[in-house]
Amino acid sequence: MEIFSDVVCPWCYIGHTRFAKAAERFRAKGGTIDVTMRPYQLNPDAPAEGEPLIPSLERKFGPNAGQMVRRVVDTAAGDGLTLDFDHAVSANTFEAHRLIEVAERQGRGKEMAERLFRAHFTDGLNVGDQDVLAKLAAEVGVEDGGEGADQLREQLDRARALGISGVPLFLFEGKYAVSGAQPEEAFAAAIDEVAERTGQTPITQLAAPADGCDDDGYCAV
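Residues numbered from 1 in each chain as written. Predicted model: local features only at pLDDT ≥ 70, side-chain atom pairs only at ≥ 80, totals over all residues. Heavy atoms only, no water.

(A) Unusual backbone geometry, seen in detail. Of note, the amide linkage connecting Val167 to Pro168 takes the cis form, showing an omega dihedral of 5°. Within the element layout of this structure, Pro168 appears in the loop between β5 (166-167) and β6 (169-172). Here Glu173, not a glycine, exhibits a phi torsion of approximately 55°, which is positive. Among the structural elements, Glu173 can be located in the loop between β6 and β7 (176-179). A relative accessible area of 62% places Glu173 in the exposed class. (Helix = DSSP H or I, 4+ residues; strand = E, 2+ residues; numbered from the N terminus. Buried < 20%, exposed > 50% of the residue type's maximum accessible area, 1.4 Å probe, protein only.)

The structure is reproduced here in structure tokens:
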């Protein structure tokens, strides 16, 4: 299955964490599930040099920014995640996604994505900075030779072609979709259901959409 996400999307971080727990439950009872991280850029025009996240949110959402931040921080805390918006840096994520693509080919895609989520939301690092990315790659054990940009563009185009307009999105067998940061139990139920299904097209929603980030700018952090 594939997880479409952006490493600067808080609901993607939460959804990724919840799904990982559900997947482990499935494996613990004898199931097999392979996960591939797929790229999605909420703001492909963001500068690589980055800027403090809170001011950019305030410019975009005005007085609603604080309420949005408090809600997602509280929700993340319930899943054991620390989100530090005060020190987070808004930046372009193309190179971060390219690094995940490289990591996927080395069997470390999920680990690289998780480290990038934590770097952005907890450590206050600029995930658009090449030096930062090099250090994170070394931490995870990924050898990055700068390759993968063309493959990344193909995957970004594929996400658009599939009609994806918000993340996170969890795509099973190329046709069964779960969107948003669903509760762990919803993910567990979807995994079980997909394990029993065959031959259905096109993409079928297995749960009502939950919190996520979309192309209209909501939660494009």
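(B) Seen up close, the pairing of β7. Here β7 shows no split at all, with Tyr176 and Val178 on one side and Ala177 and Ser179 on the other all buried. Bridge count for β6 against β7 is 4 bridges, and the pairing is antiparallel. Pairing of Phe172 across the sheet is with Tyr176, part of β7. What sits between the antiparallel neighbours β6 and β7 is a turn of 3 residues, in which Glu173 has the positive phi angle 55°. (Pairing = 2+ DSSP bridges.)

(C) Broad picture of the nonpolar core. Grouped together as the largest cluster of nonpolar side chains are 67 residues, with contacts concentrated most on Phe19, Ile33, Met112, Leu116 and Phe172. For this core, the element with the most residues is helix α1 (residues 10-28), which contributes 8 residues. Leu116 has contacts with Val7, Ala96, Ile100, Val127, Leu133 and Leu136, leaving out every residue within four places of it along the chain. (Core = buried A, V, L, I, M, F, W, Y, C linked by side-chain atoms within 4.5 Å. Contact = heavy atoms within 4.5 Å.)

(D) The arrangement of the packing of helix α4 (residues 94-105) against helix α7 (residues 149-161) in detail. At a closest axis distance of 9 Å, the pairing of α4 and α7 adopts a crossing angle of 100°. Viewed along their axes, α4 and α7 adopt a mutual orientation that is roughly perpendicular. Mapping the contact onto sequence places Phe94, His97, Arg98 and Glu101 in α4 and Ala149, Gln151, Leu152, Arg153, Gln155 and Leu156 in α7. Classifying every residue of the contact of α4 with α7 gives 4 nonpolar, 3 polar and 3 charged. (Axes fitted to C-alpha atoms, helices over the stretch in contact; angles between N-to-C directions. Parallel < 35°, antiparallel > 145°, perpendicular 65-115°, else oblique. Nonpolar A, V, L, I, M, F, W, Y, C, P; charged D, E, K, R; others polar.)

(E) Broad picture of α4. Taking 1.5 Å of rise per residue, 12 residues should cover 16 Å, and α4 covers 17 Å from first to last C-alpha, within 8% of that figure. For α4, the buried fraction is high: 9 of the 12 residues fall into the buried class. Next to the buried residues of α4 lie β1 (2-5), β2 (36-39), α5 (109-121), α6 (130-140) and α7. Gly107 sits one or two positions beyond α4 and adopts a positive phi of about 75°. (Expected span 1.5 Å × (residues − 1).)

(F) Expanded view of the pairing of β2. Of the strand pairs in this sheet, β1 and β2 are connected by 4 bridges, and their pairing is parallel. Considered in β2, the bridge of Glu2 is made with Thr36. You can see the chain leave β1, run along α1 and come back into β2, and the turn it takes is right-handed. (Right-handed = clockwise from strand over helix to strand, strands pointing away.)

(G) Structural context of the confidence of the model for the chain. Mean pLDDT over the chain: 92, with 94% of residues reaching 70 or higher. This model gives residues 198-203 a pLDDT under 50, and the stretch forms 12 contacts once residues within four places in sequence are excluded. (pLDDT = per-residue confidence, 0-100.)

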